[in-house]
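# A look at the structure
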Amino acid sequence: MAAACDLRFDCGRTCLDLVATAGGGPAERLTGPEQLAAWLVGAGLVPRGVPLDAVDGRWVVRFRALRDLLRRVVHDELRDRAADADLDRLNSAAAAGPPPAPRAVRGADGTLARTLCAPPDCAGLLAAVARDAVGLLTDPAARGQLRQCAGEHCSLVYLDTSRGRRRRWCSSEVCGNRERVARHRRRTTVRGTPGPAGGPVPSAAATGPARIPAPEPVAPAPEPVAPSLEPVAPAPSRAGKIFRPAAE
């Protein structure tokens, strides 16, 4: 699922979605207060419509620092175990302040909507993300669903809740689509390998089975003519004639 400012919320947990704002590479998505405010709303930490006028550059720096800490802790726990110093920092962030308390209010149309009892502060929102990470890492069932994306250039971690635990990518639309495009290009390259004369070698599927040319028709031999049984009269012979001189 994609959101405004290219923010993503498809990793399965709030703490993992914060790590995803680094893009798994050089892309930075928390580029300023506006992007951070959009992430806080998209992640569900702040209800839509709650003013976030206090968000400034200092908030961005602090959320980036927590993001880097979470990335180290999660990856180290996947490989082996996180450093004790990093766990202490995570626990301190979780206890830095109370997360903003929600309250239900009646809207003009009679439906209930969620809002906050007081304007959110940076420490309280950081604590909400850190507490989500503590809950994830200490829950054996959720921890067993952690997977690292199989994308070639992606290091994001997500929660695999798919049927049969067969999810391979952090996002089917992002890394999954890149893999499908790369696979198609590899197949195209193999099929288009030049032959001895420099032209592409056609595949059997494209040309079909080889055809054996039909033999050219051969004219039938003339039927033999049977010899005639009728007697043949002998030709007159000049030797049997007597020469008589003409009368004078």
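What counts as what
- Residues numbered from 1 in each chain as written.
- Predicted model: local features only at pLDDT ≥ 70, side-chain atom pairs only at ≥ 80, totals over all residues.
- Heavy atoms only, no water.
- Axes fitted to C-alpha atoms, helices over the stretch in contact; angles between N-to-C directions.
- Helix = DSSP H or I, 4+ residues; strand = E, 2+ residues; numbered from the N terminus.
- Parallel < 35°, antiparallel > 145°, perpendicular 65-115°, else oblique.
- Contact = heavy atoms within 4.5 Å.
- Expected span 1.5 Å × (residues − 1).
- Buried < 20%, exposed > 50% of the residue type's maximum accessible area, 1.4 Å probe, protein only.
- Core = buried A, V, L, I, M, F, W, Y, C linked by side-chain atoms within 4.5 Å.
- Left-handed = near helix turned anticlockwise from the far one by under 90°.
- Nonpolar A, V, L, I, M, F, W, Y, C, P; charged D, E, K, R; others polar.
- Polar contact = N/O pair within 3.5 Å; in protein donor to acceptor, adjacent residues only side chain to side chain.
- Salt bridge = Lys/Arg side-chain N within 4 Å of Asp/Glu carboxyl O.
- pLDDT = per-residue confidence, 0-100.

It is at 11 Å that the axes of helix H3 (residues 57-79) and helix H5 (residues 122-137) come closest, and there the two elements cross at 5°. The angle between H3 and H5 falls in the class roughly parallel. Packed against H3, whose contacting residues are Trp 59, Arg 62, Phe 63, Leu 66, Leu 70, Val 73 and Glu 77, the element H5 presents Cys 122, Ala 123, Leu 125, Leu 126, Val 129, Ala 130, Ala 133 and Leu 137 at the interface.

As a further point, take H5. Spanning 16 residues, H5 covers 23 Å between terminal C-alpha atoms, matching the ideal 22 Å at 1.5 Å per step. Buried residues dominate H5, accounting for 13 of its 16 residues.

Of all hydrophobic cores here, the largest spans 53 residues; its most connected members are Trp 39, Leu 40, Leu 45, Phe 63, Leu 70 and Val 129. Counting only elements with at least two residues in this core, the list comes to helix H1 (14-19), helix H2 (33-42), H3, helix H4 (84-94), H5 and strand S4 (157-159). Of the residues forming this core, the biggest block, nine residues, is contributed by H5.

In the contact formed by H2 and H3, the axes pass within 9 Å of each other and the chain directions differ by 60°. With respect to H3, the axis of H2 lies oblique. Every pair of crossing elements has a handedness; the one defined by H2 and H3 is left-handed. Here Pro 33, Leu 36, Trp 39 and Leu 40 of H2 lie close against H3, whose contacting residues are Gly 57, Trp 59, Val 60 and Phe 63. Of the residues in the contact of H2 with H3, the class split is seven nonpolar, one polar and no charged.

Locating His 75 in the fold gives a position in helix H3. You can call His 75 buried: its relative accessible area is 10%. If sequence neighbours within four positions are ignored, His 75 has contacts with Gln 148, Ser 155 and Val 157. Within the structure, the side chain of His 75 is placed 3.0 Å from the backbone oxygen of Ser 155, a separation counted as a polar contact.

A few words now on the pattern of salt bridges. Here the idea is simple: oppositely charged side chains can pair when their charged atoms come close. Counted by the stated rule, this structure contains eleven salt bridges. In this structure, Arg 13 and Asp 132 form a salt bridge, with 3.1 Å as the shortest nitrogen-oxygen distance. Remark: Asp 132 occurs in helix H5 and Arg 13 occurs in the segment before H1; sequence separation between them is 119 residues. We note that Arg 13, like Asp 132, is buried. Three or more residues joined by partner-sharing salt bridges are found here, namely Glu 28, Arg 67, Asp 68 and Arg 71.

Moving on: the confidence of the model for the protein. In this model, the protein carries an average pLDDT of 80, and 68% of its residues clear a pLDDT of 70 or more. Counted against residues more than four places away or in other chains, residues 203-208, with its pLDDT under 50, gives one contact.

Checked against the element boundaries, Arg 67 lands in helix H3. Residues in contact with Arg 67, not counting those within four places in the same chain, are Leu 18, Val 19, Thr 21, Ala 22, Glu 28 and Leu 30.

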